Amino acid sequence: MPVQSKAEYEKLLGRLQQNASNTSRREVSRLEIPDPHVIWIGQRTIFRNFMEFPKALRREPEKLLLYLNKELASAGYIAGDRVIFLGRKEPSSFGALIDRYVKDYVICPVCGSPDTRTEKSKKLGFLLCEACGARSSIKGNYA
Ligand SMILES: [Zn+2]
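Residues numbered from 1 in each chain as written. Predicted model: local features only at pLDDT ≥ 70, side-chain atom pairs only at ≥ 80, totals over all residues.

Caption draft 1: Seen up close, the environment of Pro36. Among the structural elements, Pro36 can be located in the loop between helix 1 (3-28) and strand 1 (38-41). Sequence-wise, Pro36 and Phe50 are 14 residues apart; in three dimensions their C-alpha atoms are separated by 7.2 Å. Excluding residues within four positions of it along the chain, Pro36 makes contact with Phe47, Asn49, Phe94, Gly95 and Ile98. (Helix = DSSP H or I, 4+ residues; strand = E, 2+ residues; numbered from the N terminus. Contact = placed C-beta atoms within 7 Å.)

Caption draft 2: Representation of the sheet that holds strand 5 (residues 116-121). Pairing in this open sheet of three strands is antiparallel, and the strands run 5-6-7 from one edge to the other. Each edge of the open sheet carries a strand with a single partner, namely strand 5 and strand 7 (135-138). Strand-to-strand twist of the sheet, defined as the mean angle between neighbouring strand axes without regard to direction, takes the value 30°. Bridge analysis of strand 6 (residues 124-129) against strand 7 gives four bridges, and the strand direction is antiparallel. If you follow Phe126 over to strand 7, its bridge partner there is Ser137. (Pairing = 2+ DSSP bridges. Axes fitted to C-alpha atoms, helices over the stretch in contact; angles between N-to-C directions.)

Caption draft 3: Structural detail: the pairing of strand 4 (residues 82-86). Of the two faces of strand 4, the one lined by Val83 and Phe85 is fully buried and the one lined by Arg82, Ile84 and Leu86 carries no buried residue. Judged from the four bridges that link them, strand 2 (residues 44-47) and strand 4 form a sheet pairing that is antiparallel. Opposite Ile46, over in strand 4, you have Ile84 as the bridge partner. The sheet contact formed by strand 3 (residues 77-79) and strand 4 spans three bridges and is antiparallel. By the bridge assignment, Ile78 is partnered in strand 4 with Val83. In this structure, the hairpin formed by strand 3 and strand 4 is closed by a connection of two residues, where Gly80 is found at a positive phi of approximately 70°. (Buried ≥ 20, exposed ≤ 12 C-beta atoms within 10 Å, placed from the backbone.)

Caption draft 4: Representation of the sheet that holds strand 2 within the structure. Here we have four strands laid out as an open sheet, ordered 1-2-4-3, and antiparallel in their pairing. Both outer strands of the open sheet, strand 1 and strand 3, are each paired with one neighbouring strand and no more. Shown here is a sheet whose adjacent strand axes are inclined to one another by a mean of 30°, direction ignored.

Caption draft 5: Representation of the pairing of strand 6 within the structure. Two elements, strand 5 and strand 6, share six bridges in a ladder whose sense is antiparallel. Pairing of Thr118 across the sheet is with Leu127, part of strand 6. Here strand 5 folds back onto strand 6 in antiparallel fashion, the turn holding two residues, of which Lys122 has a positive phi close to 50°. Between strand 6 and strand 7, which follow one another and run antiparallel, lie five residues, and Gly133 among them has a positive phi close to 85°.

Distances and angles like these do not, on their own, reveal function.
Here you go:
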């Protein structure tokens, strides 16, 4: 083998190995879900770190808020990084609500990857998985 093409070959091999290690890093990526910080001020419930969640879950803040408002039967609104709900909502219920949202709207039911996005088609919500390519229907209405 001529020297030059051997060098080319090794360069190619190096590139292939690099690609392979990139792939395995992506596979071990996991979803980091923050803890909700919820407090009462008077008759209001303040979800102090709301904005961390749409960012972590890669969802639009309005959609996550719509879900929380329906589940809490409230009309909370975004104020900076916080959401303010009228009335006293149980702070401990927020973690469970977020967990359910993640399970129903974020995690791929086929492979369990959180690397997904949502799509609407004829008023039906679909979850598209970037890891395995599955397209799953979403039962809820807040996709
Ligand atoms: Zn998947």
